[in-house]
Amino acid sequence: MSGRSSDDRPDVPPVPVVPQAPGAAPARSPYAHPVTPAPAHTDPGATSYGPTTASPISPAPPSAPAPGYGFTDPTRSPYAPPETGPRPPDLSTPQGVGPAEVMPEIAKPPLDPVSVTAVVSGAVGLGPVAVVLGALGLRRTSTRWLRSTTIAGVGLGLGVLGTIGWGVLAVVAALGGFGGASADPVPGDVDAPRTVQASALARGNCVEHLPPQQEVGELALVPCAQPHLAQVVDVITLDVDTYPGPDAAVEQGEAACATAFGAFDTDDAAFLEWWLVPSPAAWDDGVRTVACLVRSTQGQVETDLVN
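No experiment lies behind these values; they were computed from the predicted model shown.

1. Looking at the overall build of the protein chain
Here is step 1: On a plain count of helices and strands, the protein chain comes out with five helices and six strands.
Here is step 2: The buried share of the protein chain, taken over its 307 residues, is 20%.
Here is step 3: Residue pairs at least 24 apart in sequence account for 57% of intrachain contacts in the protein chain once pairs closer than 6 positions are excluded.
Here is step 4: When the accessible surface of the protein chain is totalled, it reaches about 22700 Å², and 60% of it is carbon and sulfur.

Structure, rendered in structure tokens:
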């Protein structure tokens with residue numbers, strides 16, 4: 001079998017050379033694989049590898065955030081559920097409202113001086129005066145000064161209370177409720193109960209009670225026909241210039257009352273001799289008398305031994 005030598009191959013025409021424009025990409029062989037363009041990179045910060053003929057990448061326009069990420073309303077909590085309906089209008093800022101209208105201020109009516117004087121009079125205790133002024137103030141302000149009508153009523157009320165108080169004081173004073181203990185002796189039987197100082201006892205007085213304490217300030221006198229505990233049989237003046245002392249004063253009082261007690265025929269079991277002598281304070285006030293009393297041992301009696 002015979003072979004073909006290299007010299008026997010047919011002549012292959014040469015590939016014509018196509019002239020290229022300056023700056024153009026080099027021509028590719030028609031027998032090479034087609035070049036598939038690489039996908040364009042969307043990350044502007046990424047680095048591209050290899051040659052590419054894609055145009056420069058432009059940044060994509062900003063898109064709205066996905067639902068559930070971020071929030072556009074700064075007044076809503078990011079954890080609040082999304083709004084499903086239209087939001088209510090904001091009424092804090094008037095919209096579509098014209099300028100506000102201003103009306104004149106209504107002046108307050110003046111105070112009635114009579115009503116004010118009624119309140120002052122009632123506060124200081126002038127009850128009858130406040131009653132008169134309060135009634136007059138109500139009449140003056142019933143149709144004109146509504147603000148002073150209440151003031152007039154307060155003055156009238158204070159006046160009524162003050163008048164009642166003055167009436168109570170007058171009644172109590174008339175009954176002797178505020179009368180202090182009398183310092184003037186009234187000899188004999190008294191017509192009505194009264195209170196006297198111990199130094200103002202007089203012969204014939206009937207004493208309702210004798211206090212248990214050693215020093216006695218005031219005593220209640222009653223008519224001898226009423227129950228009483230003791231009766232004054234005599235009052236004797238001590239003939240001394242200086243106070244002898246509490247114990248010595250008691251001894252001198254007992255000696256001074258011995259003669260007075262002997263003048264009465266009393267049962268020792270029913271009555272007890274008793275006497276009151278000046279205390280140091282009473283001596284300094286000028287008291288020099290000793291009251292000699294007969295005291296019942298059987299409780300209160302209705303016996304008159306002197307009168």
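2. Here's the deal with helix α1 (residues 113-123)
Here is step 1: The set of residues buried in α1 consists of Val 114, Ser 115, Ala 118, Ser 121 and Gly 122. End-on view of α1: buried residues confined to an arc of 120°, all on one side of the axis. Along α1, the residues that are exposed and aim more than 90 degrees away from the buried face are Pro 113 and Ala 123.
Here is step 2: Among the residues trailing α1, Gly 125 stands out with phi positive, at a value near 100°.

3. Structural notes on the packing of α1 against helix α2 (residues 127-141)
Here is step 1: At a minimum axis distance of 8 Å, the contact between α1 and α2 shows a crossing angle of 155°. One way to sum up the angle between α1 and α2 is to call them roughly antiparallel. Viewed along their axes, α1 and α2 form a crossing whose handedness is left-handed. The segment α1 lies against α2, with Pro 113, Val 114, Ser 115, Thr 117, Ala 118, Ser 121 and Gly 122 engaging Val 129, Ala 130, Leu 133, Gly 134, Leu 136, Gly 137, Arg 140 and Thr 141.
Here is step 2: For the contact of α1 with α2, the residue count by class is seven nonpolar, seven polar and one charged.

4. Quick notes on the side chain of His 228
Here is step 1: Take His 228: it is sitting in the loop between β3 (218-222) and β4 (230-237).
Here is step 2: For His 228, a relative accessible area of 2% corresponds to the buried category.
Here is step 3: Reaching out from His 228, the side chain makes a polar contact with the backbone oxygen of Cys 224 at a distance of 3.4 Å.
Here is step 4: In contact with His 228, not counting residues within four places along its chain, are Cys 206, Val 207, Glu 208, Val 222, Gly 299, Gln 300, Val 301, Glu 302 and Thr 303.

5. Here's the deal with the packing of aromatic side chains
Here is step 1: Under the counting rule described, the total for this entry stands at one aromatic pair.
Here is step 2: With a centroid separation of 5.3 Å and 55° between ring planes, the pair formed by Tyr 243 and Trp 283 is classed as tilted. Pair noted here: Tyr 243 is in the loop between β4 and α4 (246-262) and Trp 283 is in helix α5 (residues 280-284), with a separation of 40 residues, a long-range link.
Here is step 3: According to the relative accessible area criterion, Trp 283 is buried, its value standing at 7%.
Here is step 4: The positively charged end of Arg 288 is found above the aromatic ring belonging to Trp 283, 3.8 Å away from the centroid.
Here is step 5: The positively charged end of Arg 295 is found above the aromatic ring belonging to Trp 274, 4.7 Å away from the centroid.

6. Quick word on the sheet that holds strand β5 (residues 271-276)
Here is step 1: Across the sheet, six strands lie side by side as β1-β3-β2-β4-β6-β5; this open sheet has antiparallel pairing. Among the strands making up the open sheet, the edge pair consists of β1 (194-197) and β5.
Here is step 2: Sheet analysis places β5 next to strand β6 (residues 289-296), joined by six bridges and oriented antiparallel. Looking across to β6, one finds that Leu 272 is bridged to Arg 295.

7. A look at the layout of surface pockets
Here is step 1: When its volume is computed, the largest pocket comes out at roughly 860 Å³.
Here is step 2: Gln 214, Glu 215, Val 216, Leu 276 and Val 277 are the residues nearest the centre of the largest pocket, which is lined by 32 residues in total.
Here is step 3: Elements with a minimum of two residues in the lining of the largest pocket: α4, β5, α5 and β6.
Here is step 4: Ranked by residue count, the leading element in the lining of the largest pocket is β6, at four residues.

8. Some remarks on a nonpolar patch on the surface
Here is step 1: Residues Leu 111, Val 116, Val 120, Val 124, Leu 126 and Val 129 make up a contiguous nonpolar surface patch of about 480 Å² in total accessible area.
Here is step 2: Its place among the elements puts Val 116 in helix α1.

9. Things to note about the nonpolar core
Here is step 1: Residues Leu 201, Val 207, Leu 210, Leu 219, Leu 221, Leu 276 and Leu 293 are the most contacted members of the largest nonpolar core, which totals 15 residues.
Here is step 2: When contributions to this core are tallied by element, the ones reaching two or more residues are β3, β4 and β6.
Here is step 3: Aside from chain neighbours lying at most four places away, what touches Leu 201 is Pro 185, Val 196, Val 207, Leu 219, Leu 221, Val 232, Val 235, Leu 276 and Ala 291.
Here is step 4: Cys 257, Phe 271, Val 294 and Val 306 belong to the second-largest nonpolar core, a separate cluster that totals ten residues.

10. Points about α2
Note: α-helices contain 3.6 residues per turn, so residues at a spacing of three or four share the same orientation.
Here is step 1: In a regular helix each residue adds 1.5 Å, so 15 residues correspond to 21 Å; α2 covers 21 Å between its end C-alpha atoms and thus fits that length.
Here is step 2: Along α2, the residues that are buried comprise Gly 127, Ala 130, Gly 134, Gly 137 and Thr 141. The buried residues of α2 occupy an angular sector of 80° when the element is viewed end-on, so they sit on one face. Residues of α2 that are exposed and angled more than 90 degrees away from the buried face: Val 132 and Arg 139.

The rules behind the values
- Residues numbered from 1 in each chain as written.
- Predicted model: local features only at pLDDT ≥ 70, side-chain atom pairs only at ≥ 80, totals over all residues.
- Heavy atoms only, no water.
- Helix = DSSP H or I, 4+ residues; strand = E, 2+ residues; numbered from the N terminus.
- Buried < 20%, exposed > 50% of the residue type's maximum accessible area, 1.4 Å probe, protein only.
- Contact = heavy atoms within 4.5 Å.
- Areas by Shrake-Rupley, 256 points an atom, 1.4 Å probe, with all protein chains shown as cover.
- Arc of directions from axis to C-beta.
- Axes fitted to C-alpha atoms, helices over the stretch in contact; angles between N-to-C directions.
- Parallel < 35°, antiparallel > 145°, perpendicular 65-115°, else oblique.
- Left-handed = near helix turned anticlockwise from the far one by under 90°.
- Nonpolar A, V, L, I, M, F, W, Y, C, P; charged D, E, K, R; others polar.
- Polar contact = N/O pair within 3.5 Å; in protein donor to acceptor, adjacent residues only side chain to side chain.
- Phe/Tyr/Trp six-rings, centres within 6.5 Å; stacked < 30°, edge-to-face > 60°.
- Lys NZ or Arg CZ within 6 Å of the ring centre and 35° of its normal.
- Pairing = 2+ DSSP bridges.
- 1 Å grid on protein atoms, 1.4 Å probe; cavity = no way out; pocket = protein on both sides within 12 Å on 5 of 7 lines; lining within 4 Å.
- Points joined across faces, edges and corners; volume = space filled by probe spheres on them.
- Patch = residues over 30% accessible without salt bridge, like charges linked within 9 Å, V, L, I, M, F, W, Y side chains within 5 Å.
- Salt bridge = Lys/Arg side-chain N within 4 Å of Asp/Glu carboxyl O.
- Core = buried A, V, L, I, M, F, W, Y, C linked by side-chain atoms within 4.5 Å.
- Expected span 1.5 Å × (residues − 1).

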